[in-house]
Amino acid sequence: MINVDIFKKLNYFDLNVKFQVKKEVLVIQGASGSGKTSIFDCICGIKTPDKGNIQLNGNVVYSHEEKINLPLRERNIGYVFQNYALFPHMTVKENVLFGILYNKNSKSNIEYGNYIMEVLKIKHLENRYPKEISGGEKQRVALSRALSIKPDIMLLDEPFSALDSETKEIVYKEFITFKEIWDVSVILVTHDNNEARLLGDRIINLKDGKILD
């Protein structure tokens, strides 16, 4: 579970949000530039809020008042970027295991990383490089890397937007299966209303850094 209550002054508006995510998929929707990615960056430690606090499973990862601001590698957060952000010089297996080796608070090991690749059906691709696999396969690799650390929360930033409609349908089914297998909090950012309704348990709308509903 994550509790977010933060304020940050951005270029065109102030980001001022408060919400909680339990073992569910929370979808955040809003126009481009409304602050969605900034929320993710604050949660994982890429950006630092000006005020507020963030608690993950009861542990404080950021607190302005207590002067706590843990780095990303100590927050145990799985982050899937819009462009997947795979390392081009690393094989599929090296990409997946990178999180385990880099994340200080990772609760998993190499064996678990191999298990994740088996579950998401990319084990046979482990010696290939990102340029040698399809968009849907890259999406699975990015998801595997995020899951391999046994994260306390998953942040998914438009992870399906680059996929064609046929591949999306396959990935949606995999995501629904993933929800049933892994008991983890998920925040999903998407512009796609159908995707939001299909995959989300709750939906909030963001405009100019504030939650409308």
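Here the structure is a predicted model, which is why all the values come from computation and not from measurement. (Residues numbered from 1 in each chain as written. Predicted model: local features only at pLDDT ≥ 70, side-chain atom pairs only at ≥ 80, totals over all residues. Heavy atoms only, no water.)

Student: It is not clear to me how the overall build of the chain should be interpreted in this structure. Could you clarify?
Tutor: Broken down by element type, the chain carries six helices and 11 strands. In terms of overall size, the chain behaves like a compact globule, its C-alpha atoms giving a radius of gyration of 17 Å where 213 residues would be expected to give roughly 17 Å. Across the 213 residues of the chain, 51% fall into the buried class. If you take every contact in the chain between residues at least 6 apart in sequence, the share linking residues at least 24 apart comes to 69%. In the structure as shown, the chain presents an accessible area of about 10500 Å², 48% of it carried by carbon and sulfur atoms. One way to put it: in the chain the 29 positive side-chain charges average out to a point 3 Å from where the 28 negative ones average out. (Helix = DSSP H or I, 4+ residues; strand = E, 2+ residues; numbered from the N terminus. Rg over C-alpha atoms; globule rule 2.2 N^0.38 Å. Buried < 20%, exposed > 50% of the residue type's maximum accessible area, 1.4 Å probe, protein only. Contact = heavy atoms within 4.5 Å. Areas by Shrake-Rupley, 256 points an atom, 1.4 Å probe, with all protein chains shown as cover. Lys, Arg positive; Asp, Glu negative; His and termini not counted. Charge placed at Lys NZ, Arg CZ, Asp CG, Glu CD.)

Student: In this structure, what is going on with the sheet that holds strand 6 (residues 68-69)? I would like to understand it.
Tutor: For sheets, the rule is that strands pair by backbone hydrogen bonds, running either parallel or antiparallel. The five strands lie next to each other as 2-1-4-5-6, forming an open sheet whose pairing is antiparallel. With one partner strand each, in any of the chains shown, strand 2 (14-21) and strand 6 form the two edges of the open sheet. For strand 5 (residues 59-63) and strand 6, the ladder comprises two bridges, and the chain directions are antiparallel. Looking at the pairing, Tyr62 lines up with Asn69 of strand 6. (Pairing = 2+ DSSP bridges.)

Student: Can you help me understand the domain arrangement of the chain in this one?
Tutor: Interfaces are often described in size by the accessible area the parts lose on coming together. Annotation of the chain at the domain level lists domain 1 (1-76 + 152-212) and domain 2 (86-150). Its C-alpha centre places domain 1 at a distance of 21 Å from the equivalent point of domain 2. Taken together, the contact pairs 18 residues of domain 1 with 18 residues of domain 2. When residues of domain 1 are sorted by the area they lose upon contact with domain 2, Arg73, Asn76 and Trp182 head the list and together hold 42% of the total. Counting every contact that joins domain 1 to domain 2 gives zero salt bridges. Between domain 1 and domain 2 we count one residue pair in polar contact (both at pLDDT 80 or more) in total. Those elements that provide at least two residues to the side of domain 1 that touches domain 2 are strand 8 (153-157) and helix 5 (165-181). Top element by residues in the side of domain 1 that touches domain 2 is helix 5. It accounts for six residues. Among the residues making up the side of domain 1 that touches domain 2, the classes are represented as 11 nonpolar, two polar and five charged. (Domains from an automatic or database assignment. Buried area = accessible area lost by both parts, 1.4 Å probe. Salt bridge = Lys/Arg side-chain N within 4 Å of Asp/Glu carboxyl O. Polar contact = N/O pair within 3.5 Å; in protein donor to acceptor, adjacent residues only side chain to side chain. Nonpolar A, V, L, I, M, F, W, Y, C, P; charged D, E, K, R; others polar.)

Student: Where do I start with the environment of Phe98 in this structure?
Tutor: Mapped onto the elements, Phe98 comes out in helix 2 (residues 92-102). Accessibility expressed as a relative area gives 27% for Phe98, which makes it partly exposed. Put simply, Phe98 and Leu206 are 108 residues apart on the chain and 33 Å apart in space, counted from C-alpha to C-alpha. With near-sequence residues (within four places) excluded, Phe98 lies in contact with Phe87 and Met90.

Student: Can you help me understand the packing of helix 4 (residues 135-147) against helix 5 in this one?
Tutor: A pair of packed helices is captured by two measures, namely the crossing angle of their axes and the spacing between those axes. Two elements in contact, helix 4 and helix 5, have axes whose closest approach is 10 Å; the angle formed by their N-to-C orientations is 20°. The angle between the axes of helix 4 and helix 5 places the two elements in the roughly parallel class. Note that helix 4 runs across helix 5; the crossing there is right-handed. Side by side, helix 4 and helix 5 meet where Gly136, Gln139, Arg140 and Leu147 of the first sit next to Thr167, Ile170, Val171, Glu174 and Phe178 of the second. Residue composition of the contact of helix 4 with helix 5, by class: four nonpolar, three polar and two charged. (Axes fitted to C-alpha atoms, helices over the stretch in contact; angles between N-to-C directions. Parallel < 35°, antiparallel > 145°, perpendicular 65-115°, else oblique. Left-handed = near helix turned anticlockwise from the far one by under 90°.)

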